[in-house]
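Structure at a glance
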Amino acid sequence: MTYLKEHCIHQLFEAQVERTPDAVAAIFGDREVTYRELNCRANQLAHYLRASGIGPEKLVGLFMERSIEIVVAILGILKVGAAYVPLDPGYPRERLRYMAEETQFSLLLTQKHLSDRFEASSMTVFCIDDNWEIVAGYSDRNLTVEILPENLAYIMYTSGSTGQPKGVEMPCINVVRYIQALSSVVTVQPNDVYLHIASFSFSSSVRQLMLPLSRGAKVAIARREQVKDPLQLLEMMCQKQVTVSDGVSSIWRSILEVLESENKTQSYLARLKLATVILSGENTSCSLLQKIRLLLAKNVRFFNVYGQTETIGNLAYEMPQDFEKNRGYFPVGYPYPHNHCYISDENLNLVPPGVAGELLMAGGCLARGYVNRDDLTAEKFILNPWAERDSTNDRPLPKLFKTGDIVRQLPDGSIELLGRTDFQVKIKGIRIEVGEIEVTLARHPGLRSALVIAREEDSGNRSLVAYLVAKESQPAISQIRSFLKAKLPPYMVPSAFVFLEAMPLNPNGKIDRQALPAPDIAFLK
């Protein structure tokens with residue numbers, strides 16, 4: 001595959017620093033930092049890391065709150081050729097411990113107020129805020145480090161059906177290909193203010209950070225509480241004059257609901273400067289899309305971008321001005337030039353346009369595989385039976401990733417996402433293996449069995465519902481919720497719990513999911 005001039009993501013940023021050194025690069029709350037300042041601070045950290053023995057293929061844990069400091073840390077790690085392992089402060093200790101033990105990173109970058117939350121063993125814990133005087137003693141010049149295109153950029157964890165999350169290893173060059181291809185579709189300009197709301201533990205955070213930083217735009221990092229509250233987020237978008245929003249469509253659904261109940265639509269819309277709306281992370285119905293479009297009521301460009309943690313980014317679609325569909329789903333689009341997609345049945349037979357099948361991805365988007373999971377890597381990343389036919393010198397296609405997504409090709413050649421081949425679900429754009437929740441519930445001493453599904457409310461929101469069968473006396477729901485919160489991230493704790501005498505079965509003896517009763521609507525609200 002032909003390598004780009006810049007095969008490391010930090011090189012795209014450094015090139016932009018040369019072009020607009022005094023432009024504001026990032027804002028967080030009342031703080032802001034220019035491209036030159038951000039680069040100098042990242043360089044100082046990179047020099048410190050190199051002096052500490054950190055380099056290509058080394059892993060650095062990143063346990064920090066949303067801030068300008070976490071951006072400095074990510075760039076510093078990438079500049080020295082190492083890979084970062086983001087650990088969300090909202091995760092329970094058990095999950096953090098598992099990720100640290102599996103990746104075996106030797107250095108953890110964190111902040112002083114978080115340092116006692118992480119159980120350090122053989123690793124070195126370095127608090128950036130408390131020790132910045134040490135870092136500031138190092139050079140602020142760009143480093144010269146030999147970094148190969150296939151060196152790791154990061155390891156990010158996604159939900160796993162075995163009861164434990166799985167770590168995805170992403171090479172540097174794939175990130176560069178993605179950002180450069182996406183920038184030719186979503187034309188971010190130097191005068192744009194780009195909203196960053198994704199957790200730094202999710203792959204969408206890479207797009208929300210590096211797309212604007214490679215184009216000279218300003219990254220507006222939302223606080224954790226702003227991300228959770230639709231009105232706070234909307235107020236922040238007004239105050240910071242955000243021009244590009246990027247996130248799951250359920251955020252917009254929540255904004256629509258709150259504006260309607262608060263009767264404040266016009267007061268916010270008059271102050272919004274949005275010119276571009278990027279939707280990603282979950283299937284967006286055309287009916288919701290048209291409601292968002294009607295709300296903004298001006299010449300706003302809409303994009304849908306699609307990918308998985310294992311592929312970083314596959315497809316993109318810009319909504320045509322004459323897009324009037326009200327049924328079905330907003331297309332996820334066309335593959336980037338470095339990618340290739342196939343749609344097949346369960347026997348790997350290609351299906352014709354219009355027929356539903358599983359989406360298989362090939363090309364320069366595929367991760368190396370899963371950390372310490374050769375079996376799962378071999379199962380999901382398979383040899384491409386059409387490689388000889390479709391590969392070129394610039395785009396070899398030796399392997400396929402089985403996405404598990406059911407799609408079909410529309411008459412215009414774009415791809416429409418229809419559902420899943422398994423019981424994996426997406427809640428507010430976050431991919432969740434319900435099997436991981438079920439395995440965790442099975443450890444509860446008071447439960448005989450558990451089943452978790454996603455139910456859609458009348459509003460279109462999806463919520464996790466757990467169906468439980470107790471061993472003897474029924475445990476308190478509050479106790480079960482606390483049990484899960486100690487072991488799983490907040491977004492994996494079901495919104496409702498329903499106790500059953502027994503799981504309903506179909507004639508084949510399998511659980512009849514259609515016969516599961518709906519929970520009390522009050523729980524979901």
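So, here is what we can say about the structure in this document. Predicted, not measured: the structure shown is a model, and the values here were computed from it.

Our focus in this paragraph is the nonpolar core. Counting 89 residues, the largest nonpolar core has Leu109 and Leu213 as its most contacted members. Here the element with the most residues in this core is helix α3 (residues 68–79); it accounts for nine residues. For this core, the domains that each give at least three residues are domain 1 (9–318) and domain 2 (339–412). Core analysis: the next-biggest nonpolar cluster, separate from the first, contains 41 residues, Met99, Leu152, Ile155 and Met492 among them.

Here the focus is the pairing of strand β9 (residues 193–196). Neither face of β9 is exposed, since Val193 and Leu195 on one face and Tyr194 and His196 on the opposite face are all buried. As paired elements, β9 and strand β10 (residues 218–221) share four bridges and run parallel to each other. Counterpart to His196 in the pairing with β10 is Ile221. As a crossover connection, the stretch from β9 through helix α7 (residues 204–213) into β10 is right-handed.

The next point concerns helix α9 (residues 230–239). The set of residues buried in α9 consists of Leu231, Leu233, Leu234, Met236, Met237 and Cys238. As for α9, its buried residues are in contact with β9, β10, α8 (224–228), β11 (244–247), α10 (249–262) and α11 (265–269). Of the residues flanking the start of α9, the one acting as N-cap is Asp229, its side-chain oxygen 2.9 Å from the backbone nitrogen of Leu231. Backbone geometry just downstream of α9 places Gln241 in the positive-phi region, at approximately 55 degrees.

So, about the environment of Gly333. Tracing the backbone shows Gly333 in the loop between β14 (315–318) and β15 (334–335). Gly333 gets classed as buried once you look at its relative accessible area, which sits at 0%. Sequence spacing of Gly333 and Ser414 is 81 residues, and the spatial spacing of their C-alpha atoms is 4.6 Å. In this structure Gly333 touches Leu315, Ala316, Tyr317, Ser414 and Ile415, once residues within four positions along its chain are discounted.

Each value, and the rule that gives it
Residues numbered from 1 in each chain as written. Predicted model: local features only at pLDDT ≥ 70, side-chain atom pairs only at ≥ 80, totals over all residues. Heavy atoms only, no water. Core = buried A, V, L, I, M, F, W, Y, C linked by side-chain atoms within 4.5 Å. Buried < 20%, exposed > 50% of the residue type's maximum accessible area, 1.4 Å probe, protein only. Helix = DSSP H or I, 4+ residues; strand = E, 2+ residues; numbered from the N terminus. Domains from an automatic or database assignment. Pairing = 2+ DSSP bridges. Right-handed = clockwise from strand over helix to strand, strands pointing away. Contact = heavy atoms within 4.5 Å. Polar contact = N/O pair within 3.5 Å; in protein donor to acceptor, adjacent residues only side chain to side chain.

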